[in-house]
Structure formats: C-alpha cells, structure tokens
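Below, each chain spelled out in residue letters.
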Amino acid sequence: VTGPAADGDGRAQAERAGIHCIPIPTPFLVGRVNCYLIDDEPLTLVDTGPNSGKALDELEQGLARLGHRIEDLELIILTHQHADHLGLFSILQRRSGAQVAGLHPLEGYLGSFSASANADDEFAEALMRRHGVPDDLVTALRAVGMAFRSFGCSGKIDRPLRDGDLLQFRDRELRVLHRPGHSPSDTLLYDERTGLMLGGDHLLGHISSNPLISRPLDGGAVGTDTPDRPRALLQYMDSMRQTREMPVALVLPGHGDPVHGHAALIDERFRMHERRARKIRKLLAGGPLTAYEVAHTMWGNVAVTQAFLTLSEVLGHMDLLVQEGCIAESAEEDAVRFSPVGP
Ligand SMILES: [Zn+2]
C-alpha cells in the first residue's frame, strides 16, 4: 500500500498544499508523533507532541526550518486525547496566544487532565482485574501509568469542535469528522477539494491502530462486563467503514508515512481483525478462558508488559465473536470468562 516512492510523493503532495510534517520524539513505544504545520491563515499546528523539553526543543527547530516561531501560531487543533499528541498544547497556547480547537468533550477532559487520567486509570484497573489480570501486575502497572501522566497537560479548549463542522482558512476549508475507536475523541480533518486528510491515529500505514478500551467521554454508563463495557473495536470498525466510502486521496497520519490507497489499507485491517478473531475462537475450543489467559497464550510476556493494550485487543475481538454468535461471555464471581458456542 505504501512504498518509498509513494511516501516521497505523499510528503511532496502535502507540501504543495502547504502542509508540513514535523516529527516530534515521544517516550512512548510508538516512537515519533507527526505534528503538521498548515501554512495558511490562520497559521495552524495540528497536534503538538508530548509535554517534554525535548519535544518542545524539536518543535521549535522544526518550525524555524519552516520560517516560523511558536509565537506565530494562531490556531492549534488536537486530533485526540492521547498525551503524545497534545501534551504541549497549554505551553504553546500561553506562548503564542493561539486558539486551541478540539472535539467538544475534550473541554471537560482536558480542563482537569489529572482527574481525567485518574478516572481512566481506575477504569483500566477495574477492567484488567475483572478480566483475569493478576492483582500484583495491575498494581505494578499503576506506577507506569503515573510516570507517563506528566507527558500530558491540563488546559483550555477555546474552540470546541463538533462532527461535521467546517473550519475556514484563507486557502482551504477543513471538514471536522468524529471517528472514534482508537480513542473516544478521534477527530479527522478532511479537505473535500483536494482529498487530503489529517488522520491522527485513525489510520496508520506501518502499524494497525490499537482500539483501546476507554472510558466514554460523555460520562455515560461504563462497566467492565457486558452490557456496559465500551466496544472499542466494533466502534473502530464502524468508523473505518465510514472512512472507506470517502474519496480520500492521501491520509497524513499521526505516526509514520503518508498513506495512499486508504480503502485497500482498511480492507487489509478488516482481514487482520477477522484472522485474529478466528485464532481466538480456536483457543477457546478447549474451554472457557479469561481475556487475560487468551492474551497470554497469544503474546506471552508482551501480555504482561503491555497488559492493557493486549487486553483491549483480545476484548475487542471477543466483542466481534459475540456479535457473530460464535462465543458467549459469562460474568462469574472471580472473573469474566468466554466460551465457544456451536461447532
Ligand atoms: Zn493515540
């Protein structure tokens, strides 16, 4: 789907449209995050990188290479709630006076980031315990969560966005599209005239985007068992179906190279999820298992070091299998278990 030649083309195509990629280092496994400077009026930065001195330094250098300073920024748009994408927004807002735009539920979420992160961590811990992750591992992971929290920040959203909004610039218009799944706040910016899409982590070329199970931003019912557990993978697949139908020319993603052929890539992702679901269905043939037991069988030690991520993956595919009627979920006193249905 992507190749060295196509990648060069993608960057050149974006630059002709005045959109410049500034890759910023992060402390996370995913590596660098792509921020995009839209050289237009208002001068706009899409995503900021994490809240670290190293990220700020590289962002300043990246802007300088493009002939700009942080103080020149007039608008900052956030693609979603994850710290690697937005951690610097409050510092940049203070230094530049730029307006900060983000999906409307982020107003509350980022108004008090540490309270939101606490609630997220509590939900993640309850979910892990309920699905068989050992207590000592859950406790150990809490420290990791706390350490990474400093890469985010609290701050004010000046311009709350809604699905379908149209953002006006001197040289373009960008349509705001809410496409949850990787996170509840995933927001795409789409130029209907050129087919260019700023995609955040909705669609990545080199890795599949993780449908992380997250607390709903609207504060709606949330639980760790059916029926309240958020269905991140099912929601993500719905979002991908919507994107697939659009005449997108090029996706500028939050990590990695530009993506041509979004429909082929989405088809590939659907096949991957289908294969993974079949594999999990086979593992369940031997009897009821918790999601953690399945994750451990599939990924070994990675299910320990990346317990929440792998649990989200397994539960997402469990939701798919339950929907297809191939497995059943039973909430037992000590844990939730999944068992095969039919042949
Ligand atoms: Zn993300």
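1. Brief notes about unusual backbone geometry
Look at the link from Glu41 to Pro42: it is a cis peptide, with omega at 0°. Turning to its location among the elements, Pro42 is positioned in the loop between strand E2 (33-38) and strand E3 (44-46). Cis peptide bonds are those with omega within 30 degrees of zero, and the linkage from Thr226 to Pro227 qualifies with 5°. Positive phi, close to 70°, is recorded for Asp47, a residue that is not glycine. The buried category is assigned to Asp47, whose relative accessible area is 1%.

2. Considering the coordination of the zinc ion
For the zinc ion, every protein donor is listed as His80 (NE2), His82 (ND1), His182 (NE2) and Asp201 (OD), and the spread of their distances is 2.2 to 2.5 Å. Given four donor atoms and angles of 87 to 175° at the metal, the environment of the zinc ion is assigned as irregular. Expressed as a motif, the donor residue spacing for the zinc ion is H-x1-H-x99-H-x18-D. As far as the burial class goes, His80 and His82 line up, both buried.

3. Topic: the packing of helix H8 (residues 232-244) against helix H9 (residues 262-283)
Where H8 contacts H9, the axes come no closer than 10 Å and their chain directions differ by 155°. Viewed along their axes, H8 and H9 adopt a mutual orientation that is roughly antiparallel. Considering only the axes of H8 and H9, their crossing is left-handed. Taking contact as the criterion, the partners of Leu233, Met237, Met240, Arg241, Thr243 and Arg244 in H8 are, on H9, His262, Ala263, Ile266, Asp267, Arg269, Phe270 and His273. The residue makeup of the contact of H8 with H9, split by class, is six nonpolar, three polar and four charged.

4. Points about the pattern of salt bridges
A complete count under the given rule lists 28 salt bridges for this structure. The closest approach of N and O atoms between Arg149 and Asp121, which form a salt bridge, is 2.5 Å. Placement of Arg149 in helix H7 (residues 135-149) and of Asp121 in helix H6 (residues 113-130) is noted, with a sequence separation of 28 residues between them. Of the residues examined, Asp121 reaches a relative accessible area of 24% and is grouped as partly exposed. Arg241 is paired through a salt bridge with Asp238; the nearest N and O atoms lie 2.8 Å apart. In this pair, Arg241 and Asp238 both sit in helix H8, three residues apart, roughly one turn of the helix. By relative accessible area, which is 44% here, Asp238 ends up partly exposed. One salt-bridge network, in which partners are shared between bridges, spans Asp40, Glu41, Arg170, Asp171 and Arg172.

Here is what the cut-offs are and how they apply
- Residues numbered from 1 in each chain as written.
- Predicted model: local features only at pLDDT ≥ 70, side-chain atom pairs only at ≥ 80, totals over all residues.
- Heavy atoms only, no water.
- Helix = DSSP H or I, 4+ residues; strand = E, 2+ residues; numbered from the N terminus.
- Buried < 20%, exposed > 50% of the residue type's maximum accessible area, 1.4 Å probe, protein only.
- Donors = N, O, S within 2.8 Å, 3.2 Å for Na, K, Ca; no water.
- Tetrahedral: all angles 85-135°; square planar, octahedral: opposite > 155°, others 65-115°.
- Axes fitted to C-alpha atoms, helices over the stretch in contact; angles between N-to-C directions.
- Parallel < 35°, antiparallel > 145°, perpendicular 65-115°, else oblique.
- Left-handed = near helix turned anticlockwise from the far one by under 90°.
- Contact = heavy atoms within 4.5 Å.
- Nonpolar A, V, L, I, M, F, W, Y, C, P; charged D, E, K, R; others polar.
- Salt bridge = Lys/Arg side-chain N within 4 Å of Asp/Glu carboxyl O.

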